[in-house]
Amino acid sequence: MKKEITIPDHFPEIKEEDKIAATRRREEYSIVRDLQAREDNEAIVRRLARDKEKQS
């Protein structure tokens, strides 16, 4: 995964406000994605712990 997204030079009509808005949307998406991943991982850990208790 790339660490930085660059805007090609063939989009000269993009305004600075649009760049800022796009950056904000990416950051918000990243936060939502990270929270969802955390919830999913916690659910997996709980399920594995429950399965381990059942086997013991």
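Everything that follows concerns the structure shown earlier in this document.
Attention here is on the structure that accompanies the text. This one's a predicted model, so the numbers in the text were calculated from it and none came from an experiment.

1. Some words on the overall build of the protein
Here's step 1: Of regular secondary structure, the protein possesses one helix and zero strands.
Here's step 2: Per-residue burial for the protein yields a buried fraction of 2% across its 56 residues.
Here's step 3: Only carbon and sulfur atoms are counted for the fraction: they give 53% of the accessible area of the protein, which is about 5800 Å².

2. Some thoughts on a positive patch on the surface
Here's step 1: A cluster of basic residues, R46, R47, R50 and K54, forms a positive patch on the protein surface.
Here's step 2: Its place among the elements puts R50 in helix α1 (residues 16–55).
Here's step 3: Since its relative accessible area comes to 45%, R50 is described here as partly exposed.

3. Observations concerning the environment of D40
Here's step 1: Considering the arrangement of structural elements, one finds D40 in helix α1.
Here's step 2: Here Q36 takes part through its side chain, which lies 2.8 Å from a polar atom of the side chain of D40.

Thresholds, definitions, all that
Residues numbered from 1 in each chain as written. Predicted model: local features only at pLDDT ≥ 70, side-chain atom pairs only at ≥ 80, totals over all residues. Heavy atoms only, no water. Helix = DSSP H or I, 4+ residues; strand = E, 2+ residues; numbered from the N terminus. Buried < 20%, exposed > 50% of the residue type's maximum accessible area, 1.4 Å probe, protein only. Areas by Shrake-Rupley, 256 points an atom, 1.4 Å probe, with all protein chains shown as cover. Patch = residues over 30% accessible without salt bridge, like charges linked within 9 Å, V, L, I, M, F, W, Y side chains within 5 Å. Salt bridge = Lys/Arg side-chain N within 4 Å of Asp/Glu carboxyl O. Lys, Arg positive; Asp, Glu negative; His and termini not counted. Charge placed at Lys NZ, Arg CZ, Asp CG, Glu CD. Polar contact = N/O pair within 3.5 Å; in protein donor to acceptor, adjacent residues only side chain to side chain.

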